[in-house]
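# Structural overview
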Amino acid sequence: MSLENLDKALQAELETLHDEGRAKQPERIITDYLPAAGERGPRYRLQGEQKEFIRLNSNSYLSLSNHPALIEAADNATHACGVGPGAVRFIDGTYSHHIDLENRVAQFVGKPAAKIFNSAYTSNCGLALAISNKKTHWVGDQLNHNSIIRSMRIAGIPSANKSIFKHNDMDDLHRCFAEVGDDIERVIVVFDGIFSMRGDYAPIDQIQETADRYAHKYQDGVITVVDDSHGIGAYGDTGRGTPEFCATWPDIVVGTFGKAFGVNGGFIAASTTVIEAVRQKADTYIYTNPLSVADCAAATISLDICDSEEGLSLLANLKERTAQFRQGLSNLGLESIPGPHPVVPLMVRDTAKTRKLVNDLFNAGVLVVGLTFPVVPKGDESIRFQINAAHSKADIDYVLGVLETLT
Ligand SMILES: Cc1ncc(COP(=O)(O)O)c(C=O)c1O
């Protein structure tokens with residue numbers, strides 16, 4: 001059967017996306033990574049471009065992706081066990097590297113157990129499948145990541161069993177509890193640790209306090225879940241993320257190895273029983289091949305580095321460069337959203353101006369991402385700058401200099 005009719009129908013959908021300004025731009029292709037040299041941090045080459053680029057749109061906050069120890073660990077694991085697991089976890093696709101990483105990340109976030117997934121995205125989907133039943137009500141922040149929102153749909157949570165509170169608004173979180181039905185036995189409050197479009201953070205201490213206040217009303221209590229994909233490794237005094245920053249650990253922690261840790265994959269950390277339920281019930285864990293041993297070995301070393309003098313020094317540099325950039329924006333009279341996280345938005349508040357500025361920065365050799373409606377609400381159009389530990393002082397000065405000429 002030909003795809004002619006399907007293609008025609010999809011073509012119409014794609015045109016609508018373009019007309020509404022919601023279509024993604026063609027993907028740029030990185031061809032080379034140029035390590036830091038002297039005063040200059042790492043640079044990238046793109047297909048079809050002569051110049052070298054500085055990246056301020058990478059989530060690799062500690063710049064560990066090219067760390068020799070991670071590469072060596074991935075190499076050794078591959079030579080020992082091969083490039084693919086050959087099967088899903090429960091059909092002998094489990095290698096010691098998977099278990100080592102699970103134990104290491106559980107220890108890192110101070111929980112009794114953890115399960116690893118191919119991504120934080122599939123972790124969220126797996127968690128919703130594992131811990132939800134017909135008598136569960138979910139409460140989430142309005143700006144939660146797409147993976148959390150999608151996880152509810154995949155788990156088939158009806159809209160009557162979901163409430164959304166205004167971003168970081170604790171009064172509105174209280175209001176959500178009034179929406180919980182009388183037959184509900186379990187309430188789950190789920191939120192991003194760091195909101196990746198804004199660089200601001202969930203007030204976990206206040207959220208936990210609210211959850212604790214209502215816990216006695218439900219048979220299984222009120223369970224708090226943080227997805228700290230942008231916080232873990234990059235935030236808090238020792239890189240434990242937003243819970244460390246807020247001095248409060250939610251019941252369940254979801255995170256990624258694909259941002260500050262520089263590798264790939266996601267995890268859920270919680271009690272041993274929750275983790276066994278995940279192993280038994282989370283389809284996105286059960287019916288798909290796991291991460292390669294190379295990813296696992298690299299991520300385990302990455303966690304070790306985070307816990308070393310080197311990691312603390314990377315974190316200190318990340319904080320210093322972030323502060324330099326934030327101060328520079330303020331000196332230029334440019335608007336941002338305050339806070340110490342390395343996601344630093346420049347509020348442009350206009351779609352055409354955002355697009356032009358992103359383009360002008362590209363021409364000056366700076367890679368950033370522009371956020372326009374519907375990714376952010378109308379009026380909140382912005383450019384997201386992401387600082388990382390390998391940016392040099394001179395790199396940040398260069399970007400600020402470019403901004404000075406462009407704004
Ligand atoms: C809160 C949150 N969860 C999940 C993800 C997805 O992470 P991963 O690439 O590991 O699926 C992201 C990043 O885009 C995120 O910001």
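Residues numbered from 1 in each chain as written. Predicted model: local features only at pLDDT ≥ 70, side-chain atom pairs only at ≥ 80, totals over all residues. Heavy atoms only, no water.

This part is about the overall build of the chain. The helix and strand inventory of the chain stands at 14 helices and 16 strands. The globule rule puts the C-alpha radius of gyration for 407 residues at 22 Å, and the 22 Å found for the chain is close to it. Projected onto its principal axes, the C-alpha coordinates of the chain cover approximately 60 × 60 × 50 Å. In the chain, 71% of the contacts between residues at least 6 apart in sequence involve partners at least 24 apart. For the chain, the exposed area adds up to about 18800 Å²; of that, 51% sits on carbon and sulfur atoms. (Helix = DSSP H or I, 4+ residues; strand = E, 2+ residues; numbered from the N terminus. Rg over C-alpha atoms; globule rule 2.2 N^0.38 Å. Contact = heavy atoms within 4.5 Å. Areas by Shrake-Rupley, 256 points an atom, 1.4 Å probe, with all protein chains shown as cover.)

Quick look at the nonpolar core now. Counting residues in hydrophobic clusters, the biggest one holds 76 residues, and the most contacted among them are Val 189, Phe 325 and Phe 385. In terms of residue count, helix 11 (residues 293-306) provides more of this core than any other element does, 7 residues in total. For this core, the domains that each give at least three residues are domain 1 (27-56 + 310-406) and domain 2 (68-306). Excluding residues within four positions of it along the chain, Val 189 makes contact with Val 139, Phe 165, Leu 173, Phe 177, Ile 207, Val 222, Ile 223, Thr 224 and Val 225. Among the nonpolar cores identified, the runner-up in size contains 24 residues, and Ala 128, Trp 138, Ile 223 and Ala 270 belong to it. (Core = buried A, V, L, I, M, F, W, Y, C linked by side-chain atoms within 4.5 Å. Buried < 20%, exposed > 50% of the residue type's maximum accessible area, 1.4 Å probe, protein only. Domains from an automatic or database assignment.)

Before going further, it helps to spend a moment on the sheet that holds strand 15 (residues 369-371). Here 3 strands make up an open sheet; going across it, the order is 13-16-15 and the pairing antiparallel. Either end of the sheet is taken by a strand with one partner, and the two such strands are strand 13 (343-347) and strand 15. Adjacent strand axes in the sheet meet at a mean angle of 30°, parallel and antiparallel pairs treated alike. One ladder, built from 5 bridges, connects strand 13 with strand 16 (residues 382-386); its direction is antiparallel. Paired with Met 347 across the two strands is Ser 382, which belongs to strand 16. Here helix 12 (residues 309-331) sits on the sheet in contact with strand 13 and strand 16, set at roughly 10° to strand 13. Packed on one face of the sheet, helix 13 (residues 351-363) meets strand 13, strand 15 and strand 16 and runs near 35° to strand 16. (Pairing = 2+ DSSP bridges. Axes fitted to C-alpha atoms, helices over the stretch in contact; angles between N-to-C directions.)

Once that is clear, we can look at a nonpolar patch on the surface. A cluster of nonpolar side chains, Leu 3, Leu 6 and Leu 10, forms an exposed patch at the surface whose accessible area comes to about 270 Å². With respect to the helices, strands and loops of the structure, Leu 3 is situated in the segment before helix 1 (4-19). Exposure remark for Leu 3: the relative accessible area of 54% places this residue in the exposed category. (Patch = residues over 30% accessible without salt bridge, like charges linked within 9 Å, V, L, I, M, F, W, Y side chains within 5 Å. Salt bridge = Lys/Arg side-chain N within 4 Å of Asp/Glu carboxyl O.)

Take the sheet that holds strand 10 (residues 222-227) next. Here we have 7 strands laid out as an open sheet, ordered 4-12-11-10-7-5-6, and mixed in their pairing. Each edge of the open sheet is held by one strand with a lone partner, namely strand 4 (113-117) and strand 6 (162-165). Pairwise comparison of adjacent strand axes, ignoring direction, gives a mean angle of 20° for this sheet. In this structure, strand 5 (residues 136-141) lies alongside strand 6, joined through 4 bridges in parallel fashion. Bridge assignment links Trp 138 to a residue of strand 6, and that residue is Lys 162. Where helix 7 (residues 204-214) meets the sheet, it contacts strand 7 (186-192) and strand 10, and its direction lies at approximately 160° from that of strand 10.

Here the focus is empty space enclosed by the protein. Across all of its chains, the model carries 4 cavities of 30 Å³ or more by this definition. By volume, the largest cavity is sized at about 50 Å³. Contributing to the lining of the largest cavity are Arg 89, His 98, Ile 116, Phe 117, Asn 118, Thr 284, Tyr 285, Thr 288, Asn 289, Pro 290 and Leu 291. Here the residues of the lining of the largest cavity are counted per class, giving 5 nonpolar, 5 polar and 1 charged. (1 Å grid on protein atoms, 1.4 Å probe; cavity = no way out; pocket = protein on both sides within 12 Å on 5 of 7 lines; lining within 4 Å. Points joined across faces, edges and corners; volume = space filled by probe spheres on them. Nonpolar A, V, L, I, M, F, W, Y, C, P; charged D, E, K, R; others polar.)

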